[in-house]
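Architecture at a glance
Below, each chain spelled out in residue letters.
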Amino acid sequence: MTPADLSRTVLHAVRRAVDEDALRAPVPARVRVERTRPGGSGDYACAVALQLAGAAARPAREVAAILRDRVAGVPGIGRVEVTGPGFLNFTLDATADARVREALIHDVRERGARYGHADALAGHRLHLRHAREARAAVTAHALGAIARSQGALARTGCDGTPDPDWARLGVSADAAGEPDGTLTVVRPVPAGAGAADLLERLGPDAARWGLLRPAGHDRATLGDELLVQTVANPLFLVRYAHSRIRALTRGAALLGFEGSYDEDVDAPALMRALADYPDALAAAARHRAPDRLARQLEDLAHAFFDFQDCASPLPVGDEKPLAAHRSRLAVAEAAGTVLAGGLSLLGIRAPEHL
């Protein structure tokens, strides 16, 4: 069970308790679960009972007990406890969790670059209007792609005549015109440099990353650090992780095997980053924040390198290819697929070689 699955399970329990009149409180739009802190109980914790206690006019521990009874026994959850002032603590079922990990890798391999695409915004028509400024144009373009990944119909429009150099940044925009959907005015802090200057100094990929990675209310850092080829540069980290994974696939082919999830793999951080990607993509669309997607790709790249350092997907020394290697390679390839898909939504290339 992934954190997103657990969040949905708890939210369903809240709705059920309200529907059954066991709890009188507004149902929240989302429920947050997080890893239990050191010294805590179980694998995950949730504070939703403390949030609902005031509206329900009941002690938080009573609210937590009501929810516990409706979550206990759900497949994938081994134990549910109420701790402290009213926290729900969850211990996952290890056997069921292994099946979830297998299903996760299968889902990524089946859906490919469309993993994480959903219909959360189906039926929404978005009109993303921006100023005649490079960062606003690139942000609106990326937001259009991210919104469409969640089922929205989205178009961009520029206040003024689009800069012809934007095309080399991967941006196309119409004149603003009349909104034909929900109007969102895209107003990040201006880049302070035009498209021609950014392209000359950084090229399209580094320029787009530099414009999109900071939150819209922060200034974009657009110096030579975006071109440095070390893992201290987040853009290089993400693209190097992708190219490294492609190299693993080529190496496995030379050794005569391919990725296949035949054996459970202990890679909690990497599995968590893969499982969290759909929620991060949906949040980027909902909050009009492409930086959320960029940060998720960074987390995924860090998790991949930690995983590779601990358990090589390729045989080492005199080792022969085993089921463990095939499974590790399948996990790595899933990470590469998600990295490529996320970079594509940001309008950035994912090279096979770096």
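Residues numbered from 1 in each chain as written. Predicted model: local features only at pLDDT ≥ 70, side-chain atom pairs only at ≥ 80, totals over all residues. Heavy atoms only, no water.

Here we look at the environment of Ser 243
As for its placement among the helices and strands, Ser 243 is situated in helix H7 (residues 234-255). By relative accessible area, which is 5% here, Ser 243 ends up buried. Remark: the alpha-carbon pair of Ser 243 and Glu 352, spanning 109 residues in sequence, is separated by 4.8 Å. (Helix = DSSP H or I, 4+ residues; strand = E, 2+ residues; numbered from the N terminus. Buried < 20%, exposed > 50% of the residue type's maximum accessible area, 1.4 Å probe, protein only.)

Considerations on H7
Along its 22 residues, H7 runs 31 Å from first to last C-alpha, staying within 8% of the 32 Å computed at 1.5 Å per residue. Phi turns positive one or two residues past the end of H7, at Gly 256, with a value near 85 degrees. (Expected span 1.5 Å × (residues − 1).)

Side note on the pattern of salt bridges
A full pass over the atoms with the stated rule returns 21 salt bridges. Between Arg 349 and Asp 205 there is a salt bridge, with the nearest N and O atoms lying 2.7 Å from each other. With Arg 349 in the segment after helix H10 (323-345) and Asp 205 in helix H6 (residues 195-212), the pair connects residues that are 144 residues apart, well separated along the chain. On the accessibility criterion, Asp 205 (5% relative accessible area) is buried. Arg 326 is the partner of Asp 262 in a salt bridge, and the nearest nitrogen-oxygen pair spans 3.1 Å. Here Asp 262 is found in the loop between H7 and helix H8 (268-286), whereas its partner Arg 326 is found in helix H10, with 64 residues between them in sequence. The exposure class of Asp 262 is partly exposed, given its relative accessible area of 45%. The network of salt bridges with common partners includes Arg 16, Glu 20 and Arg 70. (Salt bridge = Lys/Arg side-chain N within 4 Å of Asp/Glu carboxyl O.)

Brief notes about the pairing of strand E5 (residues 125-130)
Bridge analysis of E5 against strand E6 (residues 153-158) gives 6 bridges, and the strand direction is parallel. By the bridge assignment for E6, Leu 126 is matched with Ala 154. Handedness of the crossover joining E5 and E6 through helix H5 (residues 134-149) is recorded here as right-handed. (Pairing = 2+ DSSP bridges. Right-handed = clockwise from strand over helix to strand, strands pointing away.)

Digging into the nonpolar core
The biggest cluster of nonpolar side chains holds 75 residues, and the ones touching the most others in it are Trp 209, Leu 270, Leu 274, Leu 293, Phe 304, Phe 307 and Leu 346. For this core, the elements supplying multiple residues, two or more each, are helix H4 (94-111), H5, E6, H6, H7, H8, helix H9 (290-310) and H10. Sequence-distant contacts of Phe 304, that is, excluding residues within four places in its chain, are made with Ala 241, Arg 244, Ile 245, Leu 248, Leu 270 and Ala 332. (Core = buried A, V, L, I, M, F, W, Y, C linked by side-chain atoms within 4.5 Å. Contact = heavy atoms within 4.5 Å.)

Thoughts on the environment of Ala 269
Inspection of the secondary structure puts Ala 269 in helix H8. What makes Ala 269 partly exposed here is its relative accessible area of 37%. Taking C-alpha positions, Ala 269 is 29 Å from Gly 151, a pair spaced 118 residues apart along the chain.

Here we look at a nonpolar patch on the surface
Residues Val 231, Tyr 240 and Leu 354 make up a contiguous nonpolar surface patch of about 270 Å² in total accessible area. Relative to the elements of secondary structure, Tyr 240 occurs in helix H7. (Patch = residues over 30% accessible without salt bridge, like charges linked within 9 Å, V, L, I, M, F, W, Y side chains within 5 Å. Areas by Shrake-Rupley, 256 points an atom, 1.4 Å probe, with all protein chains shown as cover.)

As for H10
Because each turn of an α-helix spans 3.6 residues, side chains separated by three or four positions end up pointing in the same direction. End to end, H10 covers 33 Å across 23 residues, agreeing with the expected 33 Å (1.5 Å per residue, within 8%). Burial analysis of H10 places 17 of its 23 residues in the buried class, which makes it a mostly covered element.

Thoughts on the packing of H6 against H7
The interhelical angle for the contact between H6 and H7, taken along N-to-C directions, is 120 degrees, at an axis separation of 10 Å. On the basis of the axis angle, H6 is oblique to H7. As for the relative orientation of H6 and H7, their crossing is right-handed in sense. Each of Asp 205, Ala 206 and Trp 209 in H6 lies in contact with H7, whose residues at this interface are Pro 234, Leu 235, Val 238 and Arg 239. Looking at the contact of H6 with H7 residue by residue, the classes come out as 5 nonpolar, no polar and 2 charged. (Axes fitted to C-alpha atoms, helices over the stretch in contact; angles between N-to-C directions. Parallel < 35°, antiparallel > 145°, perpendicular 65-115°, else oblique. Left-handed = near helix turned anticlockwise from the far one by under 90°. Nonpolar A, V, L, I, M, F, W, Y, C, P; charged D, E, K, R; others polar.)

Some remarks on the packing of helix H2 (residues 48-56) against helix H3 (residues 60-71)
As a packed pair, H2 and H3 sit with axes 8 Å apart at the nearest point and diverge in direction by 115 degrees. Relative to H3, the element H2 lies roughly perpendicular. Between H2 and H3 the crossing geometry is right-handed. Residues Val 48, Ala 49, Leu 50, Leu 52, Ala 53 and Ala 56 of H2 form the contact with H3, whose participating residues are Ala 60, Val 63, Ala 64 and Leu 67. Residues that form the contact of H2 with H3 fall into these classes: 10 nonpolar, no polar and no charged.

The analysis is restricted to geometry; functional conclusions fall outside its scope.
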